[in-house]
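Chain and residue survey
One-letter residues, chain by chain:
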Amino acid sequence: MTSLSAKDKDTVRAFWAKVPGKEELIGADVLSRMLVVYPQTKTYFSHWKDLSPSSAQVKKHGKTIMAGVGEAVAKMDDLTAGLLNLSQLHAFTLRVDPANFKIISHNLLVVFAITFPKEFTAEVHVSMDKFLARVSYALSEKYR
Amino acid sequence: MVEWTEQERSIITGIFANLSYEEIGPKALVRCLIVYPWTQRYFSSFGNLYNAEAIRGNPNVAAHGIKVLHGLDRAVKNMDNIKATYAELSVLHSEKLHVDPDNFRVSSAGLQQMHSAHLKADRLVSRRLTFPLFLHQLLADCLTIEIAAKLGTAFTADTQAAFQKFLAVVVSALGRQYH
């Protein structure tokens, strides 16, 4: 797993600085996209009444997810330690198969491209892709 | 046999009908070479790929990106028989190019002639590579990102689902003849 260079970290921080104000929109889009494009992920939300993009639960949870990614951005210099609690949550309570981290990461990249078409250059893309892979890895730490 | 709904057909043909191959093709390939630099291995004859600027300015990359989209075009026109459409290209890639099927899946009509004329056996043998399983997705993913950036909110979840399904079928068809 390639580690994040100083340049990667700066690139991710700079790009993430554009997100405030759009978290709910982005988060809801990422989540609802995942539920439509990868319907097998709906299994984790069987307790929700409404899985449509406009549902209150989707919007709220989208925001929660974005807050988690934001936390990862803030704790970029030590993701394993920084995301310990989130890893425990995903491993022991949510039991989300870590294969799904790739799926949500992909959808984050798609929504970034849609929301920031000019700014989401190949250079930003590569740093963000590496960062999300590193976040996924940190989230999987407590699984077994 | 892949089943397509009317909505999926309409989405796929719609995307390609309104696509500028000259704009998106190069961008998708450039993005792939930058985001997944190991894919540059297959383009060592293209000249300068030393940095992002060089890749972006490389006319061989641009030309090849356009070819890639024209290659996809064949599948769009033959959505009910994508497997047969790519059968000869798949054989080409496995036997002449020794490209790992999971790395490089998209090509065009002229490729077969070009490659048999220009590539020598010893170079092909030395190019035999073993790459992890997901690489075939890489170019497809970069194309998805470029289409998303181009279409914006018009690239809805349903559009994304249809487009990704289409690319998955193409990639699978190109890998069929490998052994």
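Because the structure is a prediction, the values reported are computed rather than measured.

Conventions used here
Every chain is numbered independently, its residues counted from 1 as its sequence is written. Lettering for chains starts from A, numbering for ligands starts from 1, and both go in the order in which the items are written. Reporting of local features is limited, given that this is a predicted model, to residues whose pLDDT is at least 70; pairs of side-chain atoms are given and counted only at 80 or more, and all residues count toward the totals for whole chains, interfaces and linings. The side-chain values count all of the structure's non-hydrogen atoms but skip hydrogen atoms and water molecules. What counts as a helix is a DSSP run of H or I of at least four residues, what counts as a strand is a run of E of at least two, and both are numbered from the N terminus. Each radius of gyration reported is based on C-alpha atoms, and the globular scaling rule is 2.2 Å times the count of residues to the power 0.38. Each accessible area value is a Shrake-Rupley result obtained with a 1.4 Å probe; residue values ignore everything except the protein chains displayed when judging cover. Residue burial is assigned from relative accessible area. The probe radius is 1.4 Å, only protein chains are included, and a residue is buried under 20% of its type maximum, exposed over 50%, and partly exposed in between. Any pair of residues with heavy atoms lying within 4.5 Å of one another is described as a contacting pair. UniProt positions are given in the numbering used here, feature names are shortened, and annotations may be inferred rather than shown by experiment. pLDDT expresses, on a scale from 0 to 100, how confident the predictor is about each individual residue. Stacked, tilted and edge-to-face pairs are distinguished by plane angle, under 30 degrees for stacked and over 60 for edge-to-face with tilted covering the rest, among Phe, Tyr and Trp rings (Trp via its six-membered ring) whose centres lie within 6.5 Å. Here, over-ring charges are defined by two tests on the NZ atom of lysine or the CZ atom of arginine: distance to the ring centre within 6 Å, and angle to the ring normal within 35 degrees. Buried area adds together the accessible area that both of two parts lose upon being put together, with accessible area traced by a 1.4 Å probe. Salt bridge criterion: a side-chain nitrogen from Lys or Arg within 4 Å of a carboxyl oxygen from Asp or Glu. What qualifies as a polar contact is a pair of N or O atoms within 3.5 Å, subject to a donor-acceptor requirement within protein and to the restriction that residues adjacent in sequence count only when both atoms come from side chains. Defined by distance alone, a disulfide is two cysteine sulfur atoms within 2.5 Å. Residues grouped as a nonpolar core are buried Ala, Val, Leu, Ile, Met, Phe, Trp, Tyr and Cys residues, joined through side-chain atoms within 4.5 Å.

1. A few points about the overall build of chain A
- Across its full length, chain A carries 7 helices and 0 strands.
- The secondary structure elements of chain A, listed N-terminal to C-terminal, are α-α-α-α-α-α-α.
- Rg of the C-alpha trace for chain A: 15 Å, near the compact-globule value of 15 Å for 144 residues, within the 12% margin.
- Oriented by its inertia axes, the alpha-carbon framework of chain A measures out at about 45 × 40 × 20 Å.
- Put simply, chain A shows about 7400 Å² of open surface, and 56% of that area lies on carbon and sulfur atoms.

2. Quick look at the environment of Cys142 of chain B
All names here are of chain B.
- Within the secondary structure, Cys142 is located in helix 9 (residues 135-151).
- Relative accessible area serves as the criterion here: at 0%, Cys142 is assigned to the buried category.
- For the pair Cys142 and Leu29, spaced 113 residues apart in sequence, the C-alpha separation works out to 7.4 Å.
- Ignoring anything within four residues of it in the chain, the contact list for Cys142 reads Ala28, Arg31, Cys32 and Tyr36.

3. Notes on the UniProt feature "domain: Globin" (unreviewed entry) in chain A
- Under the present numbering, the feature "domain: Globin" (unreviewed entry) in UniProt falls on residues 3-144 of chain A.
- A helix fraction of 68% and a strand fraction of 0% characterise residues 3-144 of chain A, whose end C-alpha atoms lie 22 Å from each other.

4. Remarks on the confidence of the model for chain B
- The share of residues in chain B with pLDDT of 70 or more is 70%, and the mean pLDDT across the chain is 79.
- With pLDDT under 50 throughout, residues 103-133 of chain B is counted as low confidence; its partners more than four residues away or in other chains account for 57 contacts.

5. Points about the packing of aromatic side chains
- Counted by the stated rule, this structure contains 14 aromatic pairs over all chains.
- Between Trp16 of chain A and Phe112 of chain A, the aromatic rings sit 6.4 Å apart at their centres with planes inclined by 90 degrees, giving edge-to-face as the arrangement. Here Phe112 of chain A lies in helix 6 (residues 99-115) and Trp16 of chain A lies in helix 1 (residues 6-16), a separation of 96 residues in the sequence.
- When its relative accessible area of 1% is taken as the criterion, Phe112 of chain A is described as buried.
- When the centroid spacing of 6.4 Å and the interplanar angle of 85 degrees are considered together, the rings of Phe16 of chain B and Tyr21 of chain B count as edge-to-face.
- What makes Phe16 of chain B buried here is its relative accessible area of 6%.
- Given a relative accessible area of 9%, Tyr21 of chain B falls into the buried group.
- Put simply, the rings of Trp4, Phe16, Tyr21, Phe155, Phe163 and Phe166 of chain B pair up and form one aromatic cluster.
- Directly above the aromatic system of Trp4 of chain B lies the positively charged group of Lys165 of chain B, at a separation of 4.8 Å from the ring centroid.

6. Regarding the interface of chain B and chain A
- Taken together, the contact between chain B and chain A spans 21 residues of the former and 19 residues of the latter.
- In total, about 1600 Å² of surface goes out of reach between chain B and chain A, with carbon and sulfur atoms giving 62% of it.
- It is Arg31, Ile145 and Gln160 of chain B that lose the most area in chain B upon contact with chain A, and together they represent 29% of the buried surface on that side.
- Linking chain B with chain A are 1 salt bridge.
- Glu123 of chain A serves as the salt-bridge partner of Arg56 of chain B, at 2.8 Å between the closest nitrogen and oxygen.
- Between chain B and chain A we count 9 residue pairs in polar contact (both at pLDDT 80 or more) in total.
- Elements with a minimum of two residues in the side of chain B that touches chain A: helix 2 (21-35), helix 3 (52-57), helix 9 and helix 10 (157-175) of chain B.

7. Structural notes on the state of the cysteines
- Per the counting criterion, the structure on display carries 0 disulfides over all chains.
- Between Cys142 of chain B, a free cysteine, and Cys32 of chain B, which holds the nearest cysteine sulfur, the sulfur-to-sulfur gap is 4.5 Å.

8. As for the confidence of the model for chain A
- Averaged over every residue, the pLDDT of chain A is 95; residues scoring 70 or more account for 99%.
- For chain A, per-element mean pLDDT is lowest for helix 5 (residues 84-94) of chain A, which scores 94, and highest for helix 1 of chain A, which scores 98.

9. Considerations on the pattern of salt bridges
All names here are of chain A.
- As enumerated under the stated definition, the model contains 15 salt bridges over all chains in all.
- Residue Arg13 pairs with Asp10 through a salt bridge whose shortest N-O separation is 3.9 Å. Highlighted residues: Arg13 and Asp10, both in helix 1, separated by 3 residues, approximately one helical turn.
- Take Asp10: its relative accessible area is 49%, and that puts it in the partly exposed class.
- Residue Asp77 is joined to Arg13 by a salt bridge in which the shortest nitrogen-to-oxygen separation is 3.6 Å. Residue Asp77 is located in the loop between helix 3 (56-74) and helix 4 (79-82), and its partner Arg13 is located in helix 1; the two are separated by 64 residues in the primary sequence.
- Sharing partners across several salt bridges, the network here consists of Lys9, Asp10, Arg13 and Asp77.

10. Focus on the side chain of Arg31 of chain B
- With respect to the helices and strands, Arg31 of chain B occurs in helix 2.
- Arg31 of chain B sits in the buried class, given a relative accessible area of 6%.

11. Side note on the nonpolar core
- Counting residues in each nonpolar core, the largest one holds 74 residues, and the members touching the most others are Phe131 of chain A together with Phe16 and Phe166 of chain B.
- It is helix 6 of chain A that provides the largest number of residues to this core, a total of 10 residues.
- For Phe16 of chain B, the contacting residues outside a window of four places in its chain are Tyr21, Leu69, Leu72, Asp73, Val76, Phe163 and Phe166 of chain B.
- Listed in part, the 20 residues of the second largest apolar core include Val126 of chain A together with Cys32, Leu33 and Val61 of chain B.

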